[in-house]
Amino acid sequence: MTEQEMHAQLDELEAQITRDEDILAIRKCIDTYLLYFQGADCNGITSTVNWDAPEPRVWSEAWMGGRVLGPRSNLQFFDQRPTLARYQGAIVQHECASPVIEVAKDGKSAKVSSFSPGFKCLAYGHAQTWSQSRYYQDLIKTDGVWKLWHWHAMLAVEGHAAYGWLYQNMSYWKECLFSELDGIHNKNIEGGLGPDSGAETFRPDAVFYLYPEPPQPYETYEHEDDMLNTRGY
C-alpha cells in the first residue's frame, strides 16, 4: 500500500466514524425530544430544536389543522403541554420505531422516517385511544450539534381502546374538541399556521399508502417537503 492509498483509506475511515457518530446523535436528539414531549417538559422540548436554523424556518405538523410555522407559533404550541398534562388522568406516549436515517453527503443535514406506536388517555374527554403514527424529520447540524429543524407526525390509525380503528378511526384534532379543553389546544396559537401535508388516515374502504417512504441518499438540503410517496397504486 502506498502512502497516498493509506491516507485515502484513513480519510474514508474517519468519514465513516463521523457518519456513525452523527447517526447516534440524531437518534438521541429524536428520542430526547419524545421523552420531553411525553413528560410535558417545555424547557426540555425546546432544547432539542434549532430555533435559529436558516430558511426554511422551523416548522412542525401534527395532523391538527395545519403546519405550525416559525419559532413563536411553535413555542406557543409547546406551551400547551404542561396545561394538558396537569389534567387528572391525562397521559400521552409515542415511540420512535424502525427509524431510517439518511445523512446528507455534505454532513450538514439529515432526513429521518420512522413508525410511532403509542397511546393516549384524556380522562376529561372520556377518550382512551391506541394511536399509530409515522414520523418524518429534518435535522440540522450546527457547530457540531444535531437538532430538530422540521418535523411531521402523521396519524395512520387511531381508535378508542374498546373498539379499534376499523370501527372508529379518530383524528387527534377531533378528539381534543372538548369544552374542558377550550382555549388550550391550538386555540392560543396567534399566527403562523400553514396548510397541512394532506396525509390521510386509514380508511377501511380504500388502499392505504405508506407515507413518507424511507429517505434516499442526497447531497445537500434543497427542499422543505422532500418526502417520497412512490408506490403508485
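Residues numbered from 1 in each chain as written. Predicted model: local features only at pLDDT ≥ 70, side-chain atom pairs only at ≥ 80, totals over all residues. Heavy atoms only, no water.

**Quick look at the overall build of the chain**
Okay, step 1: For the chain, the helix and strand inventory stands at 5 helices and 8 strands.
Okay, step 2: When the elements of the chain are put in sequence order from the N terminus, they spell out α-α-β-β-α-α-β-β-β-β-β-α-β.
Okay, step 3: Put simply, of all contacts in the chain between residues at least 6 apart along the chain, 64% involve residues at least 24 apart.
Okay, step 4: Working note: accessible area of the chain is about 12700 Å², and carbon and sulfur atoms make up 53% of it. (Helix = DSSP H or I, 4+ residues; strand = E, 2+ residues; numbered from the N terminus. Contact = heavy atoms within 4.5 Å. Areas by Shrake-Rupley, 256 points an atom, 1.4 Å probe, with all protein chains shown as cover.)

**Focus on the side chain of Lys120**
Okay, step 1: If you trace the backbone, Lys120 turns up in strand β5 (residues 109–122).
Okay, step 2: At 2.4 Å, the side chain of Lys120 forms a polar contact with the side chain of Glu158. (Polar contact = N/O pair within 3.5 Å; in protein donor to acceptor, adjacent residues only side chain to side chain.)

**A look at the nonpolar core**
Okay, step 1: In terms of nonpolar packing, the biggest core is built from 27 residues, with Ile26, Ile30, Tyr33, Phe78, Leu139, Leu148 and Trp151 touching the most fellow members.
Okay, step 2: At the level of elements, α1 (3–38), α3 (70–78), β4 (97–103), β5, β6 (127–142) and β7 (145–160) are the ones that each hand at least two residues to this core.
Okay, step 3: Among residues more than four places away in sequence, those in contact with Phe78 are Tyr33, Phe37, Cys42, Ile45, Trp51 and Trp151. (Core = buried A, V, L, I, M, F, W, Y, C linked by side-chain atoms within 4.5 Å. Buried < 20%, exposed > 50% of the residue type's maximum accessible area, 1.4 Å probe, protein only.)

**A few points about the environment of Tyr87**
Okay, step 1: Its place among the elements puts Tyr87 in the loop between α4 (81–85) and β3 (90–94).
Okay, step 2: Using a relative accessible area of 19% as the deciding quantity, one classes Tyr87 as buried.
Okay, step 3: C-alpha separation for the pair Tyr87 and Tyr124, spaced 37 residues apart in sequence, amounts to 7.5 Å.

**Comments concerning the environment of Glu102**
Okay, step 1: Tracing the backbone through its elements, the reader meets Glu102 in strand β4.
Okay, step 2: On a C-alpha basis, the gap between Glu102 and Pro214 in space is 8.6 Å, while along the polypeptide they are 112 residues apart.
Okay, step 3: Ignoring any residue separated from it by four or fewer positions in sequence, one finds Glu102 in contact with Ser109, Ala110, Lys111, Pro215, Gln216, Pro217 and Tyr218.

**Overview of the pairing of β7**
As a general feature of sheets, a regular strand has side chains that alternate between the two faces.
Okay, step 1: Among the 16 residues in β7, 14 count as buried, and that is most of the element.
Okay, step 2: Sheet topology note: the strand β1 (residues 59–61)/β7 ladder contains 3 bridges and is parallel. Bridged to Ser60 within β7 is Trp151.
Okay, step 3: Across 14 bridges, the pairing between β6 and β7 is antiparallel. (Pairing = 2+ DSSP bridges.)

**Some details on the side chain of Ser109**
Okay, step 1: Here Ser109 shows up in strand β5.
Okay, step 2: Looking at Ser109, the relative accessible area reads 3%, which means it is buried.
Okay, step 3: Side chain to side chain, Ser109 and Tyr218 meet in a polar contact 2.9 Å long.
Okay, step 4: Beyond its immediate stretch of four places on either side in the chain, Ser109 contacts Glu102, Val103, Ala104, Leu139, Ile140, Trp146, Trp149, Tyr218 and Tyr221.

**Some details on the pairing of β5**
Okay, step 1: Of all 14 residues that make up β5, 10 are buried, and the element is covered over most of its length.
Okay, step 2: Pairing of β3 with β5, which is carried by 5 bridges, proceeds in the antiparallel orientation. Looking across to β5, one finds that Ala90 is bridged to Leu122.
Okay, step 3: Pairing geometry for β4 and β5, over 5 bridges, is antiparallel. When the bridges of β5 are listed, Ala97 appears paired with Phe115.
Okay, step 4: One ladder, built from 14 bridges, connects β5 with β6; its direction is antiparallel. Bridge pairing in β6 places Lys111 opposite Asp138.

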